[in-house]
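The residues making up each chain are set out below.
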Amino acid sequence: TQLRFQRLARAPVLAQTAREIGIPIHTKNYDVEVPPLLEYNCDWLRRWLLSAPSQQATNCMRQVQEKLEHATTVPKLSRPPSRRKMVRLLADGEASANLMREIVRTIHEATTLIDHDQDLNIVPDLIRILNEDTSITHFDAKTLQIAALTVKEIIHDAVVFTVRNDIDLEKMNEIDQFFAKNEHLFRDTVHESIIADEWNNVKDTAHKVRTAAAEIADFGELSFDSLNNLVALKNIKKMHEQLVAPLDRYRRPLTKRWTSERLDAAIGEYVKACDKCATAARKALRELARHLYYVHLDAILCAAGLVEAAKAAIEHARYASRRGWCLPKIASDNNLIFKGLVPYWLEMGQCIPNDVSLNYGQSAILTGPNQAGKSTLLRSVGAATLLAARGLRCPARSALFPQSLDSVFLRAASRGDAPSFGKSAFAREMDDVALLFRECRADSTVILVDEIGKGTSPTEAAALGAAILAEFSDRNFRGIFATHLHREIAPILDSDHPRWQMQDYNLVSGVCADSLALQCAQQAGVPEKIIHRASCLLGKQPIDSSSKKSDLLSVVKNELALFSSDRRVFSVSPCQEPLLFNSCLYVLNLGDCFYVGESDDLATRLQKHRKKGSVWCTADAYFITVNDKSLARRYETLLLRRLIEMGIPLESTADANRRLIPSPQSSSSSLDNLLMHTTPCDVENDSTTTTSSFHSSSSTSS
């Protein structure tokens, strides 16, 4: 009862917040537009994040992660069977022999984990978590191990574990194939001693079948008819008086098949004996399943839960260590601090880290241009807060986290209307605002609101935003309020809120007065006539995009075409996928700059680029095909150097420093002369000579 009251006092994550930070409510219904928070498939960790564990359970998980952070080796665990499925099958008496073997495997892993826990010492903390997860509180490590071993012995005494998986029916004769098909329902399920009478009857009738088949084997060729489940003769050499036509499964005579009355009777007895043996095996498994359900279910569930929780904690620790995530420390005061916070779907070195600090009762106003990173920052703060609140590692270099926080509320601007419920987009916004003030508590929830009022007039939206921020101050809410209406809100806002702004995904203090909507529309491909007219209506200087960016793109495409033997350059839009199975040289148009690369699998490489978000998701790709990878790498270096000399802005120039080995035809000219005077066609014609002379040239240069 105490655990239930503790969990009711803590707030679970709302469905809309979970979807916006990449946690699917149902694993089969996932929003692909939001990057997943858990790239590894772990149903237990998903439930852990969505639920509201007590403070004691959260501290236990934090201690587990801290111990795994300093561990050098961890136990190898496999995924246990679903506990819900186990309970249902055991209760119905429908558990198969394979499920019994999986239960024993899980029990073996759980007992092994307990035996070898001297170094890690994570089992006591995991069992405390399981006490809350399963509401089974009468087990500690020792008693669980004893109870689990008892279950293992019970199953071992009934179920066969030496299963033959290498049976090849094609290598068997016809009689053995017939026996294998009829005995697979009960063979390798329970021990023969449990169903001894039925097994002996099967063996006796099988002997009769072999004897009867041997009597007519000289008259023709024995064949196994799997469709009608019988053994009969075909291609008989001569007709004999004891041969008769067998009956198919519809009791109709078969043509071109022959058997004897003795063989037909023996087959009928054998099939009936197999049915009785299969029924006896199912009965034994049913009795075993119900015995385990009524007597040993707690031990089975705790053993499976221990393995599942340990595997989830280890997978998260391994994933977080690889990504460079940190384990938050408990703050002595009530301040929430993330240093070096990055989006959870990006690597540490692929994005700009930001420092976020929110005190108790502090609500910051976040402004910034379109596509500057406001929504990205809110998702990053939301994901990091939830991970820290559950005792897990978060995507930051360091973090201080108050223990009072246990949940996060994220209201994203991406939600549209709901015609099925008669709700407009603005009506849904107001539903979210009402839900916010109804469910969130100042001491336990971080509130993140993104662009309230997009569905109504700017004046009324600004008034609503100012009133919401004032209520945040009255209730001492902690959070971030992102908006484009700072000019409208500032004059009517009474309280003093921190002002933050995003500048190219970099969080700084201050206010952004221009949303750069026209530039965003231009990058999205809105016709230039519309952009020009909008600039005139705003009284701004018209944006001349056709002069610089179009010219730059034309120059880059022309330079790329020089490296193609037929001067053809192919393009791939973000909604397309290249069908290419050889090496290529490609260029990504990132708007303000270009990215040059080479790959053997362009489709996979573009998918990795798209995951970086931002302009990478909408970048057009241009590529040419190349004969081999070494030539593609050479072209990449040459193209980068040409673009650098021309002053083209590039995302990365690291590969331009790659050392190239000149071909013998280029004499002793310098690398610059090779770059300026060697055409791609010459390089392609001399690629064989260049490749073959690489080792000799490299040995000389070394």
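Structure: see above.
Quick look at the structure, then. (Residues numbered from 1 in each chain as written. Predicted model: local features only at pLDDT ≥ 70, side-chain atom pairs only at ≥ 80, totals over all residues. Heavy atoms only, no water.)

What follows concerns the packing of helix 6 (residues 97-115) against helix 8 (residues 141-158). Direction vectors running N to C along helix 6 and helix 8 enclose 150°, while the axes themselves pass 9 Å from each other. As summarised for this structure, helix 6 and helix 8 are arranged roughly antiparallel, according to the angle between their axes. Along this stretch, helix 6 crosses helix 8, giving a crossing that reads as left-handed. Contacts between helix 6 and helix 8 pair Met 100, Ile 103, Val 104, Ile 107, His 108, Thr 111, Ile 114 and Asp 115 from the former with Ala 141, Leu 144, Gln 145, Ala 148, Leu 149, Val 151, Lys 152, Ile 155 and His 156 from the latter. Of the residues belonging to the contact of helix 6 with helix 8, the class tally is 11 nonpolar, 4 polar and 2 charged. (Axes fitted to C-alpha atoms, helices over the stretch in contact; angles between N-to-C directions. Helix = DSSP H or I, 4+ residues; strand = E, 2+ residues; numbered from the N terminus. Parallel < 35°, antiparallel > 145°, perpendicular 65-115°, else oblique. Left-handed = near helix turned anticlockwise from the far one by under 90°. Contact = heavy atoms within 4.5 Å. Nonpolar A, V, L, I, M, F, W, Y, C, P; charged D, E, K, R; others polar.)

What follows deals with unusual backbone geometry. Unlike most non-glycine residues, Lys 256 shows phi in positive territory, near 60°. Note on placement: Lys 256 falls in the loop between strand 3 (243-244) and strand 4 (259-260). In this model, Tyr 505 sits at a positive phi of 65°, which is unusual for a non-glycine residue. Mapped onto the secondary structure, Tyr 505 falls in the loop between strand 13 (499-503) and strand 14 (506-509).

A few words now on the sheet that holds strand 7 (residues 354-358). The 4 strands are arranged 5-9-6-7 in an open sheet whose pairing can be described as mixed. Only two strands of the sheet have a single neighbouring strand rather than two, namely strand 5 (329-330) and strand 7. Where strand 6 (residues 336-341) meets strand 7, 4 bridges bridge the pair, whose relative direction is antiparallel. The residue bridging Ile 337 from the neighbouring strand is Ser 357, located in strand 7. Against the sheet, helix 13 (residues 374-389) makes contact with strand 6, strand 7 and strand 9 (398-401), and its axis sits at roughly 120° relative to strand 6, the strand it touches most. (Pairing = 2+ DSSP bridges.)

On to the packing of helix 8 against helix 12 (residues 297-323). In the contact formed by helix 8 and helix 12, the axes pass within 9 Å of each other and the chain directions differ by 110°. With respect to helix 12, the element helix 8 is oriented roughly perpendicular. In terms of crossing hand, the pair formed by helix 8 and helix 12 is left-handed. In this structure, helix 8 uses Leu 144, Ala 147, Ala 148 and Val 151 to contact helix 12, whose residues at the interface are Ala 299, Ile 300, Cys 302, Ala 303 and Leu 306. Among the residues making up the contact of helix 8 with helix 12, the classes are represented as 9 nonpolar, no polar and no charged.

A separate point is the side chain of His 296. Checked against the element boundaries, His 296 lands in the loop between helix 11 (261-295) and helix 12. Apart from residues lying up to four places away in sequence, His 296 is in contact with Thr 150, Val 151, Ile 154 and His 291.

Attention shifts here to helix 9 (residues 174-183). Among the residues making up helix 9, those that are buried are Ile 175, Gln 177, Phe 178, Phe 179, Asn 182 and Glu 183. Buried residues along helix 9 sit against helix 10 (196-216), strand 1 (221-225), strand 2 (230-234) and helix 11. (Buried < 20%, exposed > 50% of the residue type's maximum accessible area, 1.4 Å probe, protein only.)

This next bit is on the environment of Val 511. Among the secondary structure elements, Val 511 is positioned in the loop between strand 14 and helix 17 (517-523). The exposure class of Val 511 is partly exposed, given its relative accessible area of 36%. Between the C-alpha atom of Val 511 and that of Leu 366, which follows or precedes it by 145 residues, the distance is 7.8 Å. With sequence-adjacent residues up to four places away left out, Val 511 is seen in contact with Thr 367, His 486, Arg 499 and Gln 501.

Now for the packing of aromatic side chains. According to the stated counting rule, one finds 16 aromatic pairs in the structure shown. Here Phe 178 and Tyr 270 contribute two aromatic rings whose centre-to-centre distance is 5.4 Å and whose plane-to-plane angle is 45°, an arrangement assigned as tilted. Here the residue Phe 178 occupies a position in helix 9, and Tyr 270 occupies one in helix 11, the gap between them amounting to 92 residues. Of the two residues examined, Phe 178 and Tyr 270, each falls in the buried class. One aromatic cluster is present, formed by Phe 178, Phe 179, Phe 224 and Tyr 270 through successive ring pairs. When the ring centre of Tyr 595 is taken as origin, the NZ or CZ atom of Lys 612, which lies over that ring, is 5.7 Å away. Against the face of Trp 616 rests Lys 612, its NZ or CZ located 4.1 Å from the ring centre. (Phe/Tyr/Trp six-rings, centres within 6.5 Å; stacked < 30°, edge-to-face > 60°. Lys NZ or Arg CZ within 6 Å of the ring centre and 35° of its normal.)

Once that is clear, we can look at the sheet that holds strand 8 (residues 363-367). Taken in spatial order, the 6 strands line up as 10-11-12-8-13-14 in an open sheet, and their pairing is mixed. One side of each edge strand has no neighbouring strand; the edge strands of this open sheet are strand 10 (407-411) and strand 14. Going from strand to strand, the sheet's axes swing by 20° on average, the running direction of each strand aside. Where strand 8 meets strand 12 (residues 478-482), 4 bridges bridge the pair, whose relative direction is parallel. Bridge assignment links Ala 364 to a residue of strand 12, and that residue is Ile 480. Relative to strand 12, helix 15 (residues 458-475) is tilted by about 170°, and along the sheet it contacts strand 8, strand 11 (445-450) and strand 12.

This brings us to the environment of Val 587. Relative to the helices and strands, Val 587 resides in strand 16 (residues 584-589). In sequence terms Val 587 and Tyr 622 are 35 residues apart; their C-alpha atoms lie 5.2 Å from each other. Residues in contact with Val 587, not counting those within four places in the same chain, are Val 556, Leu 560, Phe 594, Tyr 595, Val 596, Asp 620, Ala 621, Tyr 622 and Leu 639.

Here the focus is the side chain of Glu 429. Along the chain, Glu 429 falls in helix 14 (residues 425-439). When residues no more than four places from it in sequence are discounted, the contact partners of Glu 429 are Arg 411, Glu 451, Ile 452, Gly 453, Lys 454 and Gly 455.

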